[in-house]
Amino acid sequence: ARVLVDNRPSIAWIVCNPIGRGLTAWLWMGCPFFGVLVGSPWHAKYSLLGAFMLSGLSEGMSAVLYNLTGRWRDAVYMWLYALIDVAFSTCGYLSEKRFFNNMFFLGLISPFIQVVKSSVLYPTPSVDLERLLTTKGLMVLAVTTVILMLRHVTLRRARRLVLVDKVKYDAIWTVILANEEERA
């Protein structure tokens, strides 16, 4: 009997999803715990960046495999995700100061890739809203937005607290300088 339909997952799908994204998901969940265990947020951050790099590499390998099997649309989709994951990881390693800004950008670009997939690569009458709302980018965007808002509020409160000390500091120095001028 001849098989007309083969529903087995391709090797490219296996490399990307259960292996790459599955392992990456465990690493993402484990990064905060790793940081707590070793007592260093530095380790947690760099293991998170390593997880993004691993995700990007598995997506890149998957894209190559899709190219080899002639599925160019899937390959383009995987290359887009590989590019942003590797770029985010590299930017995180190079500039710790911009870590959350990079996360915010990642959160914005990921839904855009879903729109490209559903409107350019696989043209459909409408954008798959469920898929768009469940991308990792929107989760990253939401978490990063909350973190950036909390950071802004904390910095504002700190500036207000320092302002009171600055006024006292300036008053003391004004008195000291006035006393030195009287002596001279």
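Residues numbered from 1 in each chain as written. Predicted model: local features only at pLDDT ≥ 70, side-chain atom pairs only at ≥ 80, totals over all residues. Heavy atoms only, no water.

Colleague: Looking at this model, I keep getting lost on the overall build of the protein chain. Mind explaining?
Modeller: In terms of helices and strands, the protein chain carries six helices and zero strands. Overall, the protein chain shows an N-to-C arrangement of helices and strands of α-α-α-α-α-α. Here the C-alpha atoms of the protein chain give a radius of gyration of 25 Å, more than 25% beyond the 16 Å that 2.2 N^0.38 yields for 184 residues. Judged by the C-alpha coordinates and their principal axes, the protein chain covers about 110 × 40 × 25 Å. Taking the contacts inside the protein chain whose residues are at least 6 apart along the sequence as the reference set, 69% of them involve residues at least 24 apart. Accessible area of the protein chain: about 12800 Å², with a carbon and sulfur share of 71%. In the protein chain, 19 side chains carry a positive charge and 12 a negative one; their mean positions are 7 Å apart. (Helix = DSSP H or I, 4+ residues; strand = E, 2+ residues; numbered from the N terminus. Rg over C-alpha atoms; globule rule 2.2 N^0.38 Å. Contact = heavy atoms within 4.5 Å. Areas by Shrake-Rupley, 256 points an atom, 1.4 Å probe, with all protein chains shown as cover. Lys, Arg positive; Asp, Glu negative; His and termini not counted. Charge placed at Lys NZ, Arg CZ, Asp CG, Glu CD.)

Colleague: Help me understand the pattern of salt bridges in this model?
Modeller: Two side chains with opposite charge may pair up if their charged atoms get near one another. One pass over the structure, following the stated rule, counts two salt bridges. Asp 74 is the partner of Arg 71 in a salt bridge, and the nearest nitrogen-oxygen pair spans 2.7 Å. A relative accessible area of 13% places Asp 74 in the buried class. With a shortest N-O distance of 2.9 Å, Asp 170 and Lys 166 are connected by a salt bridge. In this pair, Asp 170 and Lys 166 are both assigned in helix α6 (residues 136-183), four residues apart and thus about one turn of the helix distant. Asp 170 sits in the partly exposed class, given a relative accessible area of 33%. The exposure class assigned to Lys 166 is partly exposed, which follows from its relative accessible area of 46%. (Salt bridge = Lys/Arg side-chain N within 4 Å of Asp/Glu carboxyl O. Buried < 20%, exposed > 50% of the residue type's maximum accessible area, 1.4 Å probe, protein only.)

Colleague: Would you mind showing me how to read the packing of helix α1 (residues 11-38) against helix α2 (residues 41-68) here?
Modeller: In helix packing, the relevant descriptors are the interaxial angle and the interaxial distance, both defined with respect to the helix axes. Two elements in contact, α1 and α2, have axes separated by 8 Å at closest approach and are oriented at 180 degrees. With respect to each other, α1 and α2 are oriented roughly antiparallel. Taken together, the residues that form the contact of α1 with α2 break down as 19 nonpolar, eight polar and two charged. (Axes fitted to C-alpha atoms, helices over the stretch in contact; angles between N-to-C directions. Parallel < 35°, antiparallel > 145°, perpendicular 65-115°, else oblique. Nonpolar A, V, L, I, M, F, W, Y, C, P; charged D, E, K, R; others polar.)

Colleague: Can you help me understand the environment of Met 103 in this one?
Modeller: Mapped onto the elements, Met 103 comes out in helix α4 (residues 99-121). A residue is classified by how much of its surface remains accessible, and Met 103, at 9% relative accessible area, is buried. Distance in space between the C-alpha atoms of Met 103 and Lys 168 is 39 Å, their sequence separation being 65 residues. Residues in contact with Met 103, not counting those within four places in the same chain, are Phe 88, Val 140 and Thr 144.

Colleague: Could you clarify how one ought to interpret α1 in this entry?
Modeller: By the largest-angle criterion, Gly 30 marks the main kink of α1, which is about 40 degrees, and a proline, Pro 32, follows within four residues. Of all the positions in α1, only Ala 12, Val 15, Cys 16, Gly 20, Thr 24, Cys 31 and Gly 35 are classed as buried. The inward-facing, buried residues of α1 contact α2 and α3 (72-94). Where α1 ends, the next residue or the one after it, Gly 39, has phi of about 70 degrees, a positive value. (Bend = angle between axes of the 7 residues up to and from the residue.)

Colleague: In this structure, what is going on with the nonpolar core? I would like to understand it.
Modeller: Across soluble globular proteins, nonpolar side chains have a tendency to be buried as a group. Ranked by size, the top nonpolar core spans 21 residues in total, and within it Tyr 77, Met 78, Phe 88, Phe 99 and Leu 106 carry the most contacts. Of all the secondary structure elements, the ones that give two or more residues to this core are α1, α2, α3 and α4. (Core = buried A, V, L, I, M, F, W, Y, C linked by side-chain atoms within 4.5 Å.)

Colleague: Even after reading the chapter, I still don't get the environment of Val 64, so can you show me in this structure?
Modeller: Of note, Val 64 is situated in helix α2. For Val 64, a relative accessible area of 38% puts it in the partly exposed group. Expressed as a C-alpha distance, the spacing of Val 64 and Val 164, which sit 100 residues apart in the sequence, is 60 Å.

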